[in-house]
Amino acid sequence: MRIAADLVDAGGATGLADLTLAKVAATAGVAAPSLYKHVGSLADLRRHVALVALEELTTASAAATIGRAGPDALRALARTWRAYAQDHPGRFAAVQLAPDPDAPEDAEHRASAARVVALVAAVLQGFGLPDDRVIDAVRSVRSGVHGFVQLELSGGFRLPEDLDRSFDVLVDMLVAGVTALGDATRPLSPEEQP
């Protein structure tokens, strides 16, 4: 699976979409039918790449956010995701593959994806979000960071202004949005009530 993960990264932002069993076999120096001893299909191979990527991203994200809370933790998480995407663009694309909630063959993929979501949810709990708003915040943060990173990796930002500064602005906006979401659902104290 490492060969496939390395191939998708070498292919950049489209590496996952361009992955084939023939490419993996050629890189491994084996005949394509030999791969079927290890994977059942191209979809299975992509799922394995996603598992590698999810585990790596979860480990990096946990290391970056441990001992941090609130805005500091969210900023560290976002920077980690961006750095991972820059270092592993194909694997980052694989992280975005959603497992089928009903397919038995996706059970390990679902569990791995759930660990990433739980880590992000733990980071966002530092904003005092009620349980029923955490998934909204997870989706918003994921969408914001992923969108920026995808545009960056695909060459979508051609203006000369500093991308790092723009990324920091995005993260500041996400922090403000998650903070506002937490504040909007917090009951007013007696001093704050009209």
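Being a predicted model, the structure only gives us computed values, none of them experimental.

### Re the overall build of the protein
Scanning the protein from terminus to terminus reveals nine helices and zero strands. When the elements of the protein are put in sequence order from the N terminus, they spell out α-α-α-α-α-α-α-α-α. Within the protein, the proportion of its 194 residues that are buried is 40%. Considering only residue pairs separated by 6 or more positions, the protein has 65% of its internal contacts joining residues 24 or more positions apart. Counting only carbon and sulfur atoms, one obtains 58% of the accessible surface of the protein, whose full area is about 10,300 Å². Side chains of the protein give 18 positive and 25 negative charges; the mean places of these two sets differ by 4 Å.

### Description of the confidence of the model for the protein
Put simply, the protein has an average pLDDT of 91, and 95% of its residues get 70 or more. Model confidence for the protein, summarised as mean pLDDT per element, is weakest for helix α3 (residues 32-35) at 82 and strongest for helix α5 (residues 70-87) at 97.

### A word on helix α8 (residues 131-153)
The end-to-end C-alpha separation of α8 is 33 Å, in line with the 33 Å expected for 23 residues at 1.5 Å each. Among all positions of α8, only Val 134, Ala 137, Val 138, Val 141, Gly 144, Val 145, Phe 148, Val 149 and Glu 152 are buried. Remark: Gly 155 follows α8 within two positions and exhibits a positive phi of approximately 80 degrees.

### Structural notes on the side chain of His 109
Within the element layout of this structure, His 109 appears in helix α7 (residues 107-125). Polar contacts involving the side chain of His 109 include one to the main-chain carbonyl oxygen of Leu 97, which spans 3.3 Å. When sequence neighbours within four positions are dropped, the list of residues in contact with His 109 reads Arg 47, Ala 50, Leu 51, Leu 54, Leu 97, Ala 98 and Pro 99.

### Overview of the environment of Leu 57
Position of Leu 57 among the secondary structure elements: in helix α4 (residues 42-65). Along the sequence, Leu 57 and Ala 73 sit 16 residues apart, while their C-alpha atoms lie 15 Å from each other. With near-sequence residues (within four places) excluded, Leu 57 lies in contact with Trp 81, Tyr 84 and Val 95.

### Focus: the packing of aromatic side chains
Under the defined criterion, the tally for this structure stands at two aromatic pairs. Seen in terms of ring centroids, Phe 148 and Phe 157 are 4.9 Å apart; in terms of plane orientation they differ by 40 degrees. Their pairing is tilted. With relative accessibility at 9%, the residue Phe 148 sits in the buried group. An aromatic cluster is defined as three or more aromatic residues linked by ring pairs; in this entry it consists of Phe 148, Phe 157 and Phe 167. We note Arg 82 situated over the ring of Phe 167; from NZ or CZ to the ring centre the distance is 4.8 Å.

### Here's the deal with the packing of α5 against α8
α8 packs onto α5 with a crossing angle of 35 degrees between their chain directions and a minimal axis gap of 10 Å. The two elements α5 and α8 cross, and the hand of that crossing is right-handed. From α5, Leu 74, Ala 78, Trp 81, Arg 82, Ala 85 and Gln 86 reach across to α8, where they touch Val 141, Arg 142, Val 145, Phe 148, Val 149, Glu 152 and Leu 153. Residue composition of the contact of α5 with α8, by class: nine nonpolar, one polar and three charged.

### Concerning the nonpolar core
Core analysis: the largest hydrophobic core is formed by 49 residues, its most contacted members being Leu 74, Trp 81, Leu 124, Leu 129, Val 145 and Val 178. When residues of this core are traced back to their parent elements, those giving at least two are α1 (2-10), α2 (21-28), α4, α5, α6 (89-95), α7, α8 and α9 (163-185).

### Side note on the packing of α4 against α5
Where α4 meets α5, the closest approach of the two axes is 9 Å, and the angle between their N-to-C directions is 145 degrees. As α4 packs across α5, the resulting crossing turns out to be right-handed. Across the interface between the two elements, Ala 53, Glu 56, Leu 57, Ala 60, Ser 61, Ala 64 and Thr 65 of α4 pack against Ala 73, Ala 76, Leu 77, Thr 80, Trp 81 and Tyr 84 of α5.

Criteria and cut-off values
Every residue gets a number counted from 1 within its own chain, in the order that chain's sequence is written. For this predicted model, a pLDDT threshold of at least 70 governs which residues receive local features, and a threshold of 80 or more governs which side-chain atom pairs are given and counted, while totals over whole chains, interfaces and linings are taken from all residues. Values shown for side chains rest on all heavy atoms present in the structure; no hydrogens or waters enter the calculation. Runs of E in the DSSP output that reach at least two residues are strands. Runs of H or I that reach at least four are helices, and both are numbered from the N terminus. Whether a residue is buried, partly exposed or exposed follows from its accessible area with a 1.4 Å probe, protein chains only, as a fraction of its type maximum: under 20%, in between, or over 50%, in that order. Here, residues are in contact when the closest pair of their heavy atoms is within 4.5 Å. Note on areas: Shrake-Rupley, 1.4 Å probe, and residue coverage restricted to the protein chains presented here. His is not counted here, nor are the chain ends, while Lys and Arg score as positive and Asp and Glu score as negative. Throughout, a charge is located at the NZ atom of Lys, the CZ atom of Arg, the CG atom of Asp or the CD atom of Glu. Think of pLDDT as the predictor's per-residue confidence, scored from 0 to 100. Here, expected helix span is obtained from the residue count minus one, scaled by 1.5 Å. Contacts described as polar in this section are N or O atom pairs within 3.5 Å, which, within protein, must combine one atom able to donate a hydrogen with one able to accept it, while residues neighboring in sequence count only if both atoms come from side chains. Stacked, tilted and edge-to-face are the three classes assigned to paired rings of Phe, Tyr and Trp, where Trp is represented by its six-membered ring and a pair needs centres within 6.5 Å; plane angles under 30 degrees give stacked, over 60 edge-to-face, the rest tilted. Cation placement over rings: the criterion is NZ of Lys or CZ of Arg within 6 Å of the ring centroid and within 35° of the ring normal. The axes used here are C-alpha line fits, helices contributing only the stretch in contact, and every angle between their N-to-C directions lies in the interval 0 to 180 degrees. By convention the crossing between two helices is left-handed if the near helix lies anticlockwise of the far one by an angle smaller than a right angle, and right-handed if it lies clockwise. Under the scheme applied here, ten amino acids are nonpolar (Ala, Val, Leu, Ile, Met, Phe, Trp, Tyr, Cys and Pro), four are charged (Asp, Glu, Lys and Arg), and all others, including Gly, are polar. To define a nonpolar core, start from buried Ala, Val, Leu, Ile, Met, Phe, Trp, Tyr and Cys residues and group those joined through side-chain atoms within 4.5 Å.

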